[in-house]
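# Structure assessment
Here are the chains, one letter per residue:
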Amino acid sequence: MIGGTTHHVLRFSNVVWNGGDGALDLRGVSSFVSKTTKVYQRIYDTSGAYMSRNVGEFVFHPEHDHFHFEGFSNFELWTKAG
Ligand SMILES: [Zn+2]
């Protein structure tokens, strides 16, 4: 009960791992003009060369006092099938 009202709360945990052959290498590039930090993933080949691709944004969360990687994971709650 919270404030006299029943609340159903779902708590869960998760694990994130790198299932690829190489390191997960994410680099932030900040822009003072747009006040954003874009995230680039470096994808290496066997020679050590890499390509970069934009994979999202780091967003500063003032209440947490750290950056979040927006859209890194996605969770869905489904109803149970009959
Ligand atoms: Zn946070």
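What you see is a predicted model, and the numbers here were worked out from it, not measured in a lab.

## Digging into the coordination of the zinc ion
On the protein side, the zinc ion has H64 (ND1), H66 (NE2) and H68 (NE2) as donor atoms, found 2.0 to 2.1 Å from it. Residue class for H64 comes out partly exposed when judged on its relative accessible area of 43%. Among the residues examined, H66 registers a relative accessible area of 39% and is labelled partly exposed.

## Quick word on the side chain of D25
Position of D25 among the secondary structure elements: in strand β1 (residues 25-31). A distance of 2.7 Å separates a polar atom in the side chain of D25 from a polar atom in the side chain of R27. Look past the residues within four positions of D25 in its chain and what remains in contact with it is Y40, Q41, R42 and Y44.

## Here's the deal with unusual backbone geometry
Look at K35: it is not a glycine, yet its phi comes out positive at around 55°. Assignment of secondary structure puts K35 in the loop between β1 and β2 (36-44). K35 gets classed as exposed once you look at its relative accessible area, which sits at 73%. In the Ramachandran plot, D65 falls in the positive-phi region, its phi being about 60° despite a non-glycine side chain. Within the fold, D65 resides in the loop between β3 (50-61) and β4 (66-69). Of the residues examined, D65 reaches a relative accessible area of 59% and is grouped as exposed.

## Remarks on the pattern of salt bridges
As enumerated under the stated definition, the model contains one salt bridge in all. Two residues, R27 and D25, come together in a salt bridge whose shortest N-O distance is 2.7 Å. Residue R27 is classed as partly exposed on the basis of its relative accessible area, which comes to 35%.

## Digging into the pairing of β1
In the sheet, β1 pairs with β2 via seven bridges, with the strands oriented antiparallel. When the bridges of β2 are listed, S30 appears paired with T37. Here β1 folds back onto β2 in antiparallel fashion, the turn holding four residues, of which K35 has a positive phi close to 55°.

What counts and what doesn't
- Residues numbered from 1 in each chain as written.
- Predicted model: local features only at pLDDT ≥ 70, side-chain atom pairs only at ≥ 80, totals over all residues.
- Heavy atoms only, no water.
- Donors = N, O, S within 2.8 Å, 3.2 Å for Na, K, Ca; no water.
- Buried < 20%, exposed > 50% of the residue type's maximum accessible area, 1.4 Å probe, protein only.
- Helix = DSSP H or I, 4+ residues; strand = E, 2+ residues; numbered from the N terminus.
- Polar contact = N/O pair within 3.5 Å; in protein donor to acceptor, adjacent residues only side chain to side chain.
- Contact = heavy atoms within 4.5 Å.
- Salt bridge = Lys/Arg side-chain N within 4 Å of Asp/Glu carboxyl O.
- Pairing = 2+ DSSP bridges.

Functional significance is not addressed by these values, which are geometric in nature.
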